[in-house]
Amino acid sequence: ETGVTQTPRHLVMGMTNKKSLKCEQHLGHNAMYWYKQSAKKPLELMFVYNFKEQTENNSVPSRFSPECPNSSHLFLHLHTLQPEDSALYLCASSHPGTSGRSNEQFFGPGTRLTVL
Amino acid sequence: AQTVTQSQPEMSVQEAETVTLSCTYDTSESNYYLFWYKQPPSRQMILVIRQEAYKQQNATENRFSVNFQKAAKSFSLKISDSQLGDTAMYFCALTQGGSEKLVFGKGTKLTVNP
C-alpha cells in the first residue's frame, strides 16, 4: 500500500468500551499527527510525534492515549469516551526538515467514530 | 501566534465558471509556507497547491492558481473551469519553514452545480 492508511474506517463504540485506531504511513516520513474533525468546527490538532517522540499534546483529555512505536505507525487508544468525542479522526504524516522545506502533510482517509 | 481565517463558510459556482476562495493569515515569521487542501465528501484530504512565502510568483497547478498578496497577508485560491469533481471542503493552511505544525482555517464548502 502507498500513502497513509487508517483502520478501521468506521467505529461505533459504547462509552465503557476500549478501542484503538491505527495509522500507518508508507512515505518514509518522520512526523505523524492525529487530528479531530467535528462537524462545523476547524480541524483540531491533537498530537504530534517526531521520530517517535511526542512533541505536541494539544490539551487532549486523557481518555485519548496515543502511541507511536516507530516512525511508520501511530495508534490512538480510546477508553471511556463521551458522545461529544464522536468525530472523524484523521492521521497525517510529513517530513518537516530544516528551514526551507515545506511541511506538506499527507492525510489518511480517517476513522469515523461514533460514541453511543 | 499564527492564525488562518477563511471568511466564506460556503460558496457555489456553476460548472465551467471561475470561483475564488478567500484566505487571510497572520504570522510574525518571514519563512513560511501556505497551502490549500481539498477534502471531497467522504474522501481523503489532498493537497491542491503550495506557495512558498519567499517566492513572489503565484503558484499554479493546472486549473488551480493562487493570488498571494504578502503585504496584505492574503492567499486566495482561484479555480478556473470548475468541474463537478471540485465539489469539496477547501482548507487554507499555514506553516513555518521546518515546523511540524500546520495551522488550518475553518474551511470553505464549495459546491459546483451542473
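Residues numbered from 1 in each chain as written. Chains lettered and ligands numbered in written order. Predicted model: local features only at pLDDT ≥ 70, side-chain atom pairs only at ≥ 80, totals over all residues. Heavy atoms only, no water.

### Here we look at the state of the cysteines
Residues and elements named next belong to chain B.
And step 1. The final tally for this structure, using the stated rule, is two disulfides over all chains.
And step 2. Note that C23 is cross-linked by a disulfide to C92, the S-S spacing being 2.0 Å. In this structure, the disulfide formed by C23 and C92 twists by about -70 degrees around the S-S bond and is classed as left-handed. One end of the pair, C23, is in the loop between β3 (19–21) and β4 (24–26); the other, C92, is in strand β10 (residues 88–96), and 69 residues separate them in sequence.
And step 3. A residue is classified by how much of its surface remains accessible, and C23, at 1% relative accessible area, is buried. (Disulfide = S-S within 2.5 Å. Helix = DSSP H or I, 4+ residues; strand = E, 2+ residues; numbered from the N terminus. Buried < 20%, exposed > 50% of the residue type's maximum accessible area, 1.4 Å probe, protein only.)

### Topic: the nonpolar core
And step 1. Counting 25 residues, the largest nonpolar core has Y25, W36, F75, L77 and Y90 of chain B as its most contacted members.
And step 2. When contributions to this core are tallied by element, the ones reaching two or more residues are β3, β5 (32–39), β6 (46–52), β8 (64–69), β9 (74–79), β10 and β12 (108–113) of chain B.
And step 3. When residues in this core are grouped by element, the largest group, four residues, is from β10 of chain B.
And step 4. With 22 residues, the next largest nonpolar core counts V4, W34, C91 and L113 of chain A among its residues. (Core = buried A, V, L, I, M, F, W, Y, C linked by side-chain atoms within 4.5 Å.)

### Quick notes on the sheet that holds strand β7 (residues 64–70) of chain A
Residue and element names in this part refer to chain A.
And step 1. Taken in spatial order, the four strands of this open sheet run β1-β3-β8-β7, and their pairing is antiparallel. In this open sheet, the two edge strands, each paired with only one partner strand, are β1 (4–7) and β7. Recorded for the sheet is a direction-independent mean angle of 20 degrees between the axes of neighbouring strands.
And step 2. Where β1 lies against strand β3 (residues 18–25), four bridges are found, and the strand directions are antiparallel. Residue pairing for β3: T7 is matched across the bridge by K22. (Pairing = 2+ DSSP bridges. Axes fitted to C-alpha atoms, helices over the stretch in contact; angles between N-to-C directions.)

### What about the pairing of strand β8 (residues 73–79) of chain A?
Two faces belong to every sheet, and in a regular strand the side chains alternate between them.
Residue and element names in this part refer to chain A.
And step 1. Strand direction decides the pairing type here: β3 and β8, joined by seven bridges, are antiparallel. If you follow K19 over to β8, its bridge partner there is L78.
And step 2. The sheet contact formed by β7 and β8 spans five bridges and is antiparallel. When the bridges of β8 are listed, E67 appears paired with F75.
And step 3. Between β7 and the antiparallel strand that follows it, β8, lie two residues.

### Notes on the pairing of strand β11 (residues 111–115) of chain A
All names here are of chain A.
And step 1. Only one face of β11 is covered, namely the face carrying T111, L113 and V115; the face carrying R112 and T114 is uncovered.
And step 2. Two strands pair when backbone bridges link them, and strand β2 (residues 10–13) and β11 are joined in this way by four bridges, in the parallel orientation. Bridging from a neighbouring strand, L11 pairs with L113 of β11.

### With respect to the pattern of salt bridges
And step 1. Under the counting rule described, the total for this entry stands at six salt bridges over all chains.
And step 2. Note that K101 of chain B is salt-bridged to E56 of chain A, the shortest N-O span being 3.4 Å. In this pair, K101 of chain B is assigned in the loop between β10 and β11 (103–104) and E56 of chain A in strand β6 (residues 53–57), connecting two distinct chains.
And step 3. The class of K101 of chain B is partly exposed, set by a relative accessible area of 34%.
And step 4. In this structure, E52 of chain B and K55 of chain B form a salt bridge, with 4.0 Å as the shortest nitrogen-oxygen distance.
And step 5. Judged by relative accessible area, which is 16%, E52 of chain B ranks as buried. (Salt bridge = Lys/Arg side-chain N within 4 Å of Asp/Glu carboxyl O.)

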